[in-house]
Amino acid sequence: MPPLRLGVNIDHVATIRNARGGPRPDPLRAALLAIEAGADGITAHLREDRRHIQDADMARLKATIAKPLNFEMAATDQMLDIATLIAPHAACLVPEKRTERTTEGGLDVVGAQGYLAPYVDQLRRAGVRVSLFIEPSEEAIRAASAIKAPVVELHTGAWCHAVEIGDAALAEHEFSRVKHAAAFAATLGLEVHAGHGLDYDTARRVAALPEIVELNIGHFLIGEAVFVGLGEAIRLMREAMDEGRAGALAS
Ligand code: PXP
């Protein structure tokens, strides 16, 4: 089974910083600490409304961190220009609505294939590894493959929400969608990532899916950092992921 990478999303360090308007807490410091604690990469979302990460943060991250930077972005010309300039290791195209609190669903790849294809193409030409943040469905995966995205990130939000509200039947249904989607995407030769709403328990479980090679996790880790510190939260997350992977190997 391939190793499972942990991408730590530091957006919400910037959310806290921006609440006061000063320089603290610095998302770059969080990124460096995350890497020291075991993160394999850093993920940051430069939203169009700049509600958390700012343009300067992206440039500082790219210039400073020694691990891959994953630039989450809407498919717009402005974001494409910035991504091309910054040249991150990876870019993850996400849907963006100004009124949403977080990225609520996956990209409508089926309906927007024609719109998205040039963004995938131009990012690939710029040497950036492109992923599409999608619902765990066969249609979305087929559409992502058709526009030559090399990577899909499966949205785990519906599953994690069902777990959170204690709806066991719905949670099982949503988990089986993620499981099936991961296996299906791999049969098409796509690299498979997953993320959104993951905590220690859900990360442990999803880590057992052998096709998934990267998890991107933010909100839970930054929340846990208040209680146990960011380094410890990341170490515990790494442990949960490794347990899930090892359990799958043993079974
Ligand atoms: N992956 C993608 C594409 C996202 O948009 C987000 C949220 O910004 C995450 C992963 C991380 O989600 P969470 O903050 O809920 O862990």
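Residues numbered from 1 in each chain as written. Predicted model: local features only at pLDDT ≥ 70, side-chain atom pairs only at ≥ 80, totals over all residues. Heavy atoms only, no water.

Peer 1: Would you explain the overall build of the protein in this entry?
Peer 2: In terms of regular secondary structure, the protein is built from eleven helices and eight strands. For 251 residues, the compact-globule estimate of 2.2 N^0.38 gives 18 Å, and the C-alpha radius of gyration of the protein, at 17 Å, lies within 12% of that figure. When the backbone C-alpha atoms are referred to their principal axes, the protein occupies close to 45 × 45 × 35 Å. Within the protein, the fraction of its 251 residues that count as buried is 51%. Counting contacts in the protein only where the partners sit at least 6 residues apart, residues at least 24 apart contribute 69% of the total. Surface summary for the protein: the accessible area is close to 11,300 Å², and the carbon and sulfur share equals 55%. (Helix = DSSP H or I, 4+ residues; strand = E, 2+ residues; numbered from the N terminus. Rg over C-alpha atoms; globule rule 2.2 N^0.38 Å. Buried < 20%, exposed > 50% of the residue type's maximum accessible area, 1.4 Å probe, protein only. Contact = heavy atoms within 4.5 Å. Areas by Shrake-Rupley, 256 points an atom, 1.4 Å probe, with all protein chains shown as cover.)

Peer 1: Help me understand the environment of isoleucine 147, please; the structure alone is not making it clear to me.
Peer 2: Residue placement: isoleucine 147 occurs in the loop between helix H6 (138-146) and strand S6 (151-155). What makes isoleucine 147 buried here is its relative accessible area of 10%. Along the backbone, isoleucine 147 and glycine 114 are 33 residues apart, and their C-alpha atoms lie at a distance of 8.3 Å. Beyond its immediate chain neighbours, meaning those up to four positions away, isoleucine 147 contacts Val109, Gln113, Leu116, Ala117, Val120 and Leu132.

Peer 1: Honestly, a nonpolar patch on the surface in this entry has me stumped. Any pointers?
Peer 2: Taken together, the side chains of Val226, Phe227 and Val228 define a hydrophobic patch exposed on the protein surface, amounting to about 340 Å² of accessible area. With respect to the helices and strands, phenylalanine 227 occurs in helix H10 (residues 219-228). (Patch = residues over 30% accessible without salt bridge, like charges linked within 9 Å, V, L, I, M, F, W, Y side chains within 5 Å. Salt bridge = Lys/Arg side-chain N within 4 Å of Asp/Glu carboxyl O.)

Peer 1: I'm lost on the packing of aromatic side chains in this one. Help?
Peer 2: What describes a pair of aromatic rings is the distance from one ring centre to the other and the angle between the planes of the rings. As enumerated under the stated definition, the model contains three aromatic pairs in all. Centroid distance tyrosine 115 to tyrosine 119: 5.3 Å. Interplanar angle 45 degrees. Geometry classified as tilted. Of this pair, tyrosine 115 and tyrosine 119 both sit in helix H5 (residues 113-125), four residues apart, which is roughly one turn of the helix. Measuring from centroid to centroid gives 4.8 Å for tyrosine 200 and phenylalanine 220, while their planes differ by 85 degrees, and the two rings are edge-to-face. Of this pair, tyrosine 200 sits in helix H9 (residues 200-206) while phenylalanine 220 sits in helix H10; the two residues are 20 residues apart in sequence, bridging distant segments of the chain. Residue classification places phenylalanine 220 among the partly exposed residues on the basis of a relative accessible area of 23%. (Phe/Tyr/Trp six-rings, centres within 6.5 Å; stacked < 30°, edge-to-face > 60°.)

Peer 1: Before we go on, may I ask you to explain the sheet that holds S6 in this structure?
Peer 2: Consider a sheet: its strands pair through backbone hydrogen bonds, and that pairing is either parallel or antiparallel. The parallel closed barrel is built from eight strands, whose spatial order is S1-S2-S3-S4-S5-S6-S7-S8. With strand direction ignored, the average angle separating the axes of adjacent strands in the sheet is 25 degrees. Across four bridges, the pairing between strand S4 (residues 90-93) and strand S5 (residues 129-134) is parallel. Paired with leucine 93 across the strands is leucine 132, a residue of S5. (Pairing = 2+ DSSP bridges. Axes fitted to C-alpha atoms, helices over the stretch in contact; angles between N-to-C directions.)

Peer 1: For this particular structure, what's the right way to read the side chain of threonine 76?
Peer 2: Summarising the element assignment, threonine 76 is placed in the loop between strand S3 (69-73) and helix H4 (77-86). For threonine 76, a relative accessible area of 15% translates into the label buried. A distance of 3.1 Å separates a polar atom in the side chain of threonine 76 from the backbone nitrogen of methionine 79. Not counting residues up to four positions away in its chain, the partners in contact with threonine 76 are Glu48, Tyr115 and Tyr119. (Polar contact = N/O pair within 3.5 Å; in protein donor to acceptor, adjacent residues only side chain to side chain.)

Peer 1: Even after reading the chapter, I still don't get H5, so can you show me in this structure?
Peer 2: Turn by turn, an α-helix covers 3.6 residues, leaving residues three or four places apart pointing in a common direction. The terminal C-alpha atoms of H5 lie 18 Å apart, and with 13 residues this matches the ideal 18 Å at 1.5 Å per residue to within 8%. Taken together, the buried positions of H5 are Leu116, Tyr119, Val120 and Leu123. Seen from one end, H5 has its buried residues packed into an arc of 100 degrees, which puts them on one side. Of the exposed residues in H5, the ones pointing more than 90 degrees away from its buried face are Gly114 and Arg125. At its buried positions, H5 is contacted by S3, H4, S4 and S5. Just downstream of H5 lies glycine 127, where phi reads positive at about 85 degrees. (Expected span 1.5 Å × (residues − 1). Arc of directions from axis to C-beta.)

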